[in-house]
Amino acid sequence: MIRKKSFDEHMYRLLRENNLYRKKIPDGPDSLFKAFSDALYFTSAYSKEIQEFAVKHLTNLIATNRLPYHLLAFKGDTQLWKDYCNDPNRPDFNKHTVELISSLFKVKVLIYFITNDHYLSATVVNNNYDKQIELFRNSLGSYDVLYSGKFIAKAGLCQNVVFNIVDQALTGKLMPIRNL
């Protein structure tokens, strides 16, 4: 059994080897919606709105009889639908939520996790979309956002441009943009 600290080090090493960087989302039952919010809008502030969109989207799919294969469990099961509407944060609804968000926002969702034998593995949901969101499910069942090294480099460059503009506005001097 790997100790917590060495497991975390192993997890970060596996992510770095795959050019992935983890943005921690606070653990809890709503971490999946917060992770989606952060992946879509770079803030977890819209998690409640995304949750409401998911419920409305499911209701619409049921009403129009357009449930995709992976959501057919809701077909004719009004109790399951009511349960989801009342508490979409339940862990047993996570797979449904991922399908709904993928469909609603037209994104491919990759969910990485560490297997019992300590390998990095991933599940792909709705891989027919071009835009992609990467999440990490930790051992507690909570979710974090993953970003590629390429994205992090672009974000760093954008941050330098913004700092340069602010610095120029404050000092009146143009500073050279630092490359990463």
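Everything numeric in this text was worked out from a predicted model, so none of it was measured.

Visitor: Sorry if this is basic, but what is going on with the packing of helix α2 (residues 31-41) against helix α5 (residues 94-105) here?
Guide: Packed helix pairs are characterised by how far apart their axes lie and by the angle those axes make with each other. Where α2 meets α5, the axes come as close as 11 Å, and the angle between the chain directions of the two elements is 20°. Looking at the two axes, α2 sits roughly parallel to α5. Crossing hand, α2 versus α5: right-handed. Across from Leu-32, Phe-33, Phe-36, Leu-40 and Tyr-41 in α2, the residues of α5 making contact are Asn-94, Thr-97, Val-98, Ile-101 and Phe-105.

Visitor: Looking at this structure, I do not really get the pairing of strand β4 (residues 132-137). What am I missing?
Guide: Remember that side chains alternate between the two faces of the sheet whenever the strand is regular. As judged from the five bridges shared by strand β2 (residues 108-114) and β4, these two strands associate in the parallel manner. Note on β4: the bridge partner recorded for Lys-108 is Gln-132. Bridge count between β4 and strand β5 (residues 143-148): four bridges; the pairing is antiparallel. Counterpart to Glu-134 in the pairing with β5 is Leu-146.

Visitor: Can you help me understand the pairing of β2 in this one?
Guide: With seven of its seven residues buried, β2 lies for the most part within the structure. The alternating pattern of β2 places Lys-108, Leu-110, Tyr-112 and Ile-114 on one face and Val-109, Ile-111 and Phe-113 on the opposite face, and all of these are buried. Bridge count between β2 and strand β3 (residues 120-125): six bridges; the pairing is antiparallel. Paired with Ile-111 across the two strands is Thr-123, which belongs to β3.

Visitor: I tried to follow the side chain of Ser-142 on my own but got confused; where do I start?
Guide: For Ser-142, the location among the structural elements is in the loop between β4 and β5. You can call Ser-142 buried: its relative accessible area is 5%.

Visitor: Help me understand the nonpolar core in this model?
Guide: Most often, soluble globular proteins keep nonpolar side chains buried together rather than apart. Phe-36, Tyr-84, Val-109 and Leu-135 are the most contacted members of the largest nonpolar core, which has 30 residues in total. Elements represented by at least two residues in this core include exactly α2, α3 (47-63), α4 (78-86), α5, β2, β4 and β5. Sequence-distant contacts of Leu-135, that is, excluding residues within four places in its chain, are made with Leu-32, Ala-35, Phe-36, Ala-39, Val-109, Leu-110, Ile-111, Tyr-112, Tyr-143, Asp-144, Val-145 and Leu-146.

Visitor: Whenever I open this one, unusual backbone geometry confuses me. Can you help?
Guide: Where the residue is not glycine, phi is negative for most of them; where a peptide bond is considered, it is trans in most cases. One non-glycine residue with positive phi stands out, namely Asn-19, at about 60°. Residue position: Asn-19 is located in the loop between α1 (4-17) and β1 (20-23). Here Asn-65, not a glycine, exhibits a phi torsion of approximately 55°, which is positive. In this structure, Asn-65 sits in the loop between α3 and α4.

Visitor: Before we go on, may I ask you to explain the sheet that holds β4 in this structure?
Guide: Hydrogen bonding along the main chain pairs the strands of a sheet, whether they run parallel or antiparallel. Reading across from one edge, β1-β5-β4-β2-β3 is the order of the five strands in this open sheet, with mixed pairing throughout. Looking at the sheet topology across the chains shown, the edges are occupied by β1 and β3. Neighbour-to-neighbour, the strand axes of the sheet open up by a mean angle of 35°, direction not taken into account. Contacts between α2 and the sheet are confined to β1, β2, β4 and β5, with β5 contributing the most and set at about 25° to the helix.

Visitor: Mind showing me how you'd approach the packing of α3 against α5 here?
Guide: The geometry of α3 relative to α5 is characterised by a closest axis approach of 10 Å and an angle of 85° between their N-to-C directions. On the basis of the axis angle, α3 is roughly perpendicular to α5. In this structure, α3 uses Ile-50, Phe-53, Ala-54, His-57, Leu-58 and Leu-61 to contact α5, whose residues at the interface are Leu-100, Ile-101, Ser-103, Leu-104 and Phe-105. For the contact of α3 with α5, a count of residues per class yields nine nonpolar, two polar and no charged.

Visitor: What am I meant to see in the pattern of salt bridges here?
Guide: Any two side chains of opposite charge can pair, so long as their charged atoms come close to each other. Enumeration according to the criterion identifies eight salt bridges in this entry. Its salt-bridge partner being Lys-24, residue Asp-144 comes within 3.8 Å of it at the nearest N-O pair. Here Asp-144, found in strand β5, pairs with Lys-24, found in the loop between β1 and α2; they are 120 residues apart in sequence, far enough to count as distant.

Definitions and limits used
- Residues numbered from 1 in each chain as written.
- Predicted model: local features only at pLDDT ≥ 70, side-chain atom pairs only at ≥ 80, totals over all residues.
- Heavy atoms only, no water.
- Axes fitted to C-alpha atoms, helices over the stretch in contact; angles between N-to-C directions.
- Helix = DSSP H or I, 4+ residues; strand = E, 2+ residues; numbered from the N terminus.
- Parallel < 35°, antiparallel > 145°, perpendicular 65-115°, else oblique.
- Left-handed = near helix turned anticlockwise from the far one by under 90°.
- Contact = heavy atoms within 4.5 Å.
- Pairing = 2+ DSSP bridges.
- Buried < 20%, exposed > 50% of the residue type's maximum accessible area, 1.4 Å probe, protein only.
- Core = buried A, V, L, I, M, F, W, Y, C linked by side-chain atoms within 4.5 Å.
- Nonpolar A, V, L, I, M, F, W, Y, C, P; charged D, E, K, R; others polar.
- Salt bridge = Lys/Arg side-chain N within 4 Å of Asp/Glu carboxyl O.

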